[in-house]
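Architecture at a glance
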Amino acid sequence: MRDMDWREFVTGYLQKEHHAVHVVAGHDFHFGCGGEGTPLRLAALCADLGMGCDIIPKVEIDGVTVSSTYIRALMAEGRVEEAARFLGHPHVLSGPVVHGNEIGRTLGTPTANLLIPEGVIAPAFGVYATRAFLPGGEVRLAVTNVGVRPTVNAGRTGVTVEPWILDFHGELYGETIRLELWKQLRPEQKFDSVEALRAAILENAGQTREYFASKERTPC
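Residues numbered from 1 in each chain as written. Predicted model: local features only at pLDDT ≥ 70, side-chain atom pairs only at ≥ 80, totals over all residues. Heavy atoms only, no water.

**Remarks on the pairing of strand β8 (residues 139-147)**
The pairing of strand β7 (residues 126-133) with β8 spans eight bridges and is antiparallel. Considered in β8, the bridge of T130 is made with A142. Hairpin geometry of β7 and β8 is characterised by an intervening segment of five residues between the two adjacent antiparallel strands and by a positive phi of about 90° at G136. Pairing analysis gives six bridges linking β8 to strand β9 (residues 160-165), with the strands arranged antiparallel. Looking at β9, one finds that T144 is bridged to P163. (Pairing = 2+ DSSP bridges. Helix = DSSP H or I, 4+ residues; strand = E, 2+ residues; numbered from the N terminus.)

If you want it as structure tokens, here you go:
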């Protein structure tokens, strides 16, 4: 497709193959061989073909252009609060709860383990203050670790998302939950002992409660 003439992309691929009747593109969209297709050319050709066309203008926040590239960069650095400003909502991870090694249960901090689906953007490894949306509509605060659990996983294999859902007692295996990532509390790190890990998790729980309590106190 990268070698396709830009006109053929519109007339052959969009209109004839996919029966498109209306096209929406961003202000910086380029397509076709050599990127010769531009928003202006797209709009003009669509008009000739009787197809609708909307070109979305550039949107900026504090002088920075809103783009998926910039948002992905923020997520890769764990800057989820700033990413939310550009997304318009907190970044979300969701999936069915799977069985883990249940180390959290031995620490008194049982987690609901999720696997990140292929192609889904995960933030930088670390611990996050999150909101968990449970089956039935219940919403709970959660301390969520994203990463490879270096303290208890010597091989550091398999990226997991492990929310400890605060004040929740019940089984969620097989159920689908949704997590909103609001703030990174700390990067993922290897502790000298599981006791030190537990102490850090409990501290993160307190930070999570305070973070969301402060948001409730902040006037709109």
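Having put the structure on the table, let's press on.
**Re helix α3 (residues 68-76)**
The set of residues buried in α3 consists of I71, L74 and M75. For α3, the arc enclosing every buried residue in end-on projection is 100°, short of the 170-degree limit, so these residues lie on one face. Along α3, the residues that are exposed and aim more than 90 degrees away from the buried face are T69 and A76. On its buried face, α3 sits against α4 (80-87) and β5 (91-96). One or two steps after α3, the chain reaches G78, where phi turns positive at roughly 75°. (Buried < 20%, exposed > 50% of the residue type's maximum accessible area, 1.4 Å probe, protein only. Arc of directions from axis to C-beta. Contact = heavy atoms within 4.5 Å.)

**With respect to the side chain of N204**
Tracing the chain through its elements places N204 in helix α6 (residues 194-217). Taking relative accessible area as the criterion, N204 reaches 2% and is therefore assigned buried. Among all residues touching N204, those that are not within four sequence positions of it are V127, V143, L185 and R186.

**Some remarks on the pattern of salt bridges**
Enumeration according to the criterion identifies nine salt bridges in this entry. Among the salt bridges present, the one from E60 reaches K58, with a minimum N-O distance of 3.4 Å. Among the residues examined, E60 registers a relative accessible area of 43% and is labelled partly exposed. Salt-bridge contacts for R178 lead to E180; the nearest nitrogen and oxygen are separated by 3.7 Å. With a relative accessible area of 13%, E180 lands in the buried category. A cluster of three or more residues bridged by salt bridges with shared partners is formed by E77, R79 and E82. (Salt bridge = Lys/Arg side-chain N within 4 Å of Asp/Glu carboxyl O.)

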